[in-house]
Amino acid sequence: MPSAHSDTDLVKVDQDRNSQRWIAYIQKDLPEHLDWWPYTLGAIPLTLLGFLIVTGLLLTFYYVPSPGKAYESVEFITEEVYLGWFVRGVHKFSVDLMILFLLFHVIRVFLTRAYRTPGEWKWVTGAIVLFVTFAMGFTGYSLIFDNVSYWGMTVVTNMLGALPIVGTPLLYLLRGGEEVSDNTLLRLYDLHTKLLPVLLVVLVGGHVLVVRLIGFADVAGSRQSHPFYPVHTLLMGAVAVGMLLLIVDLVMIFPPTLGPPADLQEVAADVSPPWYFSAPFMVISLLPGPVALWGLLGGALLFVVYPFIDRELARRGWPMGVINATVGTIAIGALVILMYLDTQM
Amino acid sequence: MAIIHDDPGRRRFLSQAVMGFGLLFGMGLLGLRFVQFLVPTGTTKRNVPVLLGVEQSLPLNDAITMELGNHKLLVLRTNEGVAAFSRRCTDLGCLVSWDKRREQFICPCHQGIYDKQGRNIAGPPPRPLDRYEVVNRAGQVYVNLAT
């Protein structure tokens, strides 16, 4: 009686096919060159984003986003709460390392020109992820509400306010008024804990999805070799555990500290922002306001559309490999020099 | 039927276009209202003269800082008279302070320097310090604040 059990059989065959498809999906072969570590640098910031979300959620249970209480609550987290210093330390070092490895990842992609057709959208989505991460960094260190935070808020909102047309509304939107006030901290808190994290997770998801859909650029001599699961996944797991160990050690050696509380009447003697902002900070210190602002904006725009510039120039026969190596060296050199200048001031 | 240029496709397109535009305008207006919700309404400003004191009682060649309402000011008395400056640096809004020895206003954020007339002489500031109008009525010094 073949018809008696054919229905269940069909469902089973369907299920089998579906699971086959899933297995094939996660076991997709990756090119051989992904064995070499510089090609896997994107997974590290992804892992660190996970750490940041977990520790960030924990921190929200104690943090109070009000100018009178923000600094105290951070102090409370650091000094009183059980393992508070540790959670805050992991949050802090994760963001430092996330930005560092994002930069390494960008440098690798730039030097190997991995954004070439059809990979332009990998670059564009990734560039936006980088900017949103910087915005997370800025809103995050503003929440501490020490002197550097407070004057950082003032300076950055002022810079955005200097933009033509959108500037003034944006300034009011961010500050919740004409001046940096109680509203400002609450708004930056909302951005840091609600809007930007959702945006970042969506963008990172989009970036990973685009990479999955488009695949990897051809690298000479690289064959399809190892499957994503389990070989590559295991490697990523090992990297995640390694990162966790590194961060735990860093937090133990350099426990998080707090600067003096915000003084609304007197600017701190040293208003240097965290290291990842020291280069733009020096740019706005050394150049007159509008020039610095337009320079930074122009640089950012150029950065986002670089794959399209590369395509156009390569079509005209420019040696892009050499150009990228030169541009990359100059850019990294300039960043390092600006950072060094900042430590000297 | 005498209608020639009418067919279901065109009808559907037109009705969808009208509805689509209506929806777009509606949502746009709602979005605009939400932005207005986020941007607080400003209060109307009027000029209020505030008495600072007798001119002779202000220290000569030294600036005093004060906060009047939402305004942070520096009042400097020189031989030419009394001047009131906003402490807000015209570069990016940090607060300037008076350096007595150099007789200059210094902004510590990005090393902006102003002379004692409030003119930007070094560093990134794009324009002189904002000044408040100072009125002298029979030796009594008033400063005009917009509040």
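Cut-offs applied
Residues numbered from 1 in each chain as written. Chains lettered and ligands numbered in written order. Predicted model: local features only at pLDDT ≥ 70, side-chain atom pairs only at ≥ 80, totals over all residues. Heavy atoms only, no water. Helix = DSSP H or I, 4+ residues; strand = E, 2+ residues; numbered from the N terminus. Buried < 20%, exposed > 50% of the residue type's maximum accessible area, 1.4 Å probe, protein only. Areas by Shrake-Rupley, 256 points an atom, 1.4 Å probe, with all protein chains shown as cover. Lys, Arg positive; Asp, Glu negative; His and termini not counted. Charge placed at Lys NZ, Arg CZ, Asp CG, Glu CD. Rg over C-alpha atoms; globule rule 2.2 N^0.38 Å. Contact = heavy atoms within 4.5 Å. Pairing = 2+ DSSP bridges. Axes fitted to C-alpha atoms, helices over the stretch in contact; angles between N-to-C directions. Patch = residues over 30% accessible without salt bridge, like charges linked within 9 Å, V, L, I, M, F, W, Y side chains within 5 Å. Salt bridge = Lys/Arg side-chain N within 4 Å of Asp/Glu carboxyl O. Expected span 1.5 Å × (residues − 1). Polar contact = N/O pair within 3.5 Å; in protein donor to acceptor, adjacent residues only side chain to side chain.

**Student:** Looking at this structure, how should I read the overall build of chain A?
**Tutor:** Helix and strand content of chain A: 13 helices and two strands. Each principal axis of the C-alpha distribution contributes one length, and for chain A these read about 90 × 55 × 45 Å. Per-residue burial for chain A yields a buried fraction of 41% across its 345 residues. Summing over all exposed atoms, chain A offers an accessible surface of approximately 18,900 Å²; the carbon and sulfur share of this is 72%. Here chain A contributes 19 positively and 26 negatively charged side chains, and the mean placements of these two sets differ by 13 Å.

**Student:** Sorry if this is basic, but what is going on with the overall build of chain B here?
**Tutor:** Along the backbone of chain B there are one helix and ten strands. For chain B, the sequential pattern of α-helices and β-strands runs α-β-β-β-β-β-β-β-β-β-β. Computed over its C-alpha atoms, the radius of gyration of chain B comes to 28 Å, more than 25% above the 15 Å expected for a compact globule of 147 residues. When each of the 147 residues of chain B is scored for burial, the buried share is 32%. Of the contacts made within chain B by residues no fewer than 6 positions apart, 42% connect residues no fewer than 24 positions apart. Accessible surface for chain B amounts to roughly 9,500 Å². Of this, 59% is attributable to carbon and sulfur atoms.

**Student:** What's the story with the sheet that holds strand β9 (residues 131–137) of chain B in this structure? I'm lost.
**Tutor:** Residues and elements named next belong to chain B. Reading across from one edge, β1-β10-β9-β4-β3-β2 is the order of the six strands in this open sheet, with antiparallel pairing throughout. Each edge of the open sheet carries a strand with a single partner, namely β1 (47–54) and β2 (63–68). Neighbour to neighbour, the strand axes of the sheet diverge by 30° on average, direction disregarded. Both strand β3 (residues 71–78) and strand β4 (residues 81–86) contribute to a ladder of six bridges, which runs antiparallel. Bridge assignment links Arg77 to a residue of β4, and that residue is Val82.

**Student:** What should I look at first to understand a negative patch on the surface in this one?
**Tutor:** A surface patch of like charges, here negative, comprises Glu72, Glu75, Glu79 and Glu80 of chain A. With respect to the element layout, Glu75 of chain A can be found in helix α3 (residues 70–79).

**Student:** Looking at this structure, I do not really get the pairing of β9 of chain B. What am I missing?
**Tutor:** A regular strand places its side chains so that they alternate between the two faces of the sheet. Residue and element names in this part refer to chain B. Across two bridges, the pairing between β4 and β9 is antiparallel. The residue bridging Ala84 from the neighbouring strand is Tyr132, located in β9. Between the antiparallel neighbours β9 and strand β10 (residues 140–146) lie two residues, among them Ala138 with a positive phi of about 55°.

**Student:** I tried to follow the pattern of salt bridges on my own but got confused; where do I start?
**Tutor:** Here the idea is simple: oppositely charged side chains can pair when their charged atoms come close. Following the criterion strictly, the structure yields nine salt bridges over all chains and no others. The closest approach of N and O atoms between Arg315 of chain A and Glu312 of chain A, which form a salt bridge, is 2.7 Å. Here the residue Arg315 of chain A and the residue Glu312 of chain A both occupy positions in helix α12 (residues 306–315), the gap between them amounting to three residues, near one helical turn. Close ionic contact of Arg119 of chain B with Asp115 of chain B constitutes a salt bridge, the shortest N to O distance being 3.1 Å.

**Student:** Explanation requested: the pairing of β3 of chain B in the structure shown.
**Tutor:** Residue and element names in this part refer to chain B. The element β3 is extensively covered by neighbouring structure, given that eight of its eight residues are classed as buried. Burial of the side chains of β3 extends over both faces: His71, Leu73, Val75 and Arg77 are buried on one face and Lys72, Leu74, Leu76 and Thr78 on the other. Bridging between β2 and β3 involves six bridges; their strand directions are antiparallel. Note that in β3 the partner of Ala63 across the bridge is Leu76. Between the antiparallel neighbours β2 and β3 lie two residues, among them Gly69 with a positive phi of about 65°. Where β3 folds back onto β4 in an antiparallel hairpin, the turn is made up of two residues.

**Student:** I'm lost on helix α2 (residues 43–60) of chain A in this one. Help?
**Tutor:** Within an α-helix, residues lying three or four positions from one another point in the same direction, as the helix has 3.6 residues per turn. All names here are of chain A. With 18 residues, α2 should cover 26 Å at 1.5 Å per step; its first-to-last C-alpha distance of 26 Å lies within 8% of that length. For α2, the full list of buried residues reads Ala43, Ile44, Pro45, Thr47, Leu48, Leu49, Phe51, Leu52, Thr55, Gly56 and Leu59. Those residues of α2 that are buried lie in contact with α3, α4 (84–112), α8 (182–214) and α9 (228–253).

**Student:** Which parts of the structure should I look at to understand helix α6 (residues 147–161) of chain A?
**Tutor:** Residues and elements named next belong to chain A. Counted at 1.5 Å a residue, the expected span for α6 with its 15 residues is 21 Å, and the 21 Å between its end C-alpha atoms agrees. Burial within α6 is extensive, with eleven of its 15 residues counted as buried. Among the residues of α6, Asn147, Ser149, Tyr150, Trp151, Gly152, Met153, Thr154, Val155, Thr157, Asn158 and Met159 are the ones counted as buried.

**Student:** It is not clear to me how the side chain of Thr47 of chain A should be interpreted in this structure. Could you clarify?
**Tutor:** Residue and element names in this part refer to chain A. Along the polypeptide, Thr47 turns up in helix α2. Exposure remark for Thr47: the relative accessible area of 17% places this residue in the buried category. Within polar-contact distance, the side chain of Thr47 engages the backbone oxygen of Ala43 at 2.7 Å.

Shape is all these values report; function is a separate question.
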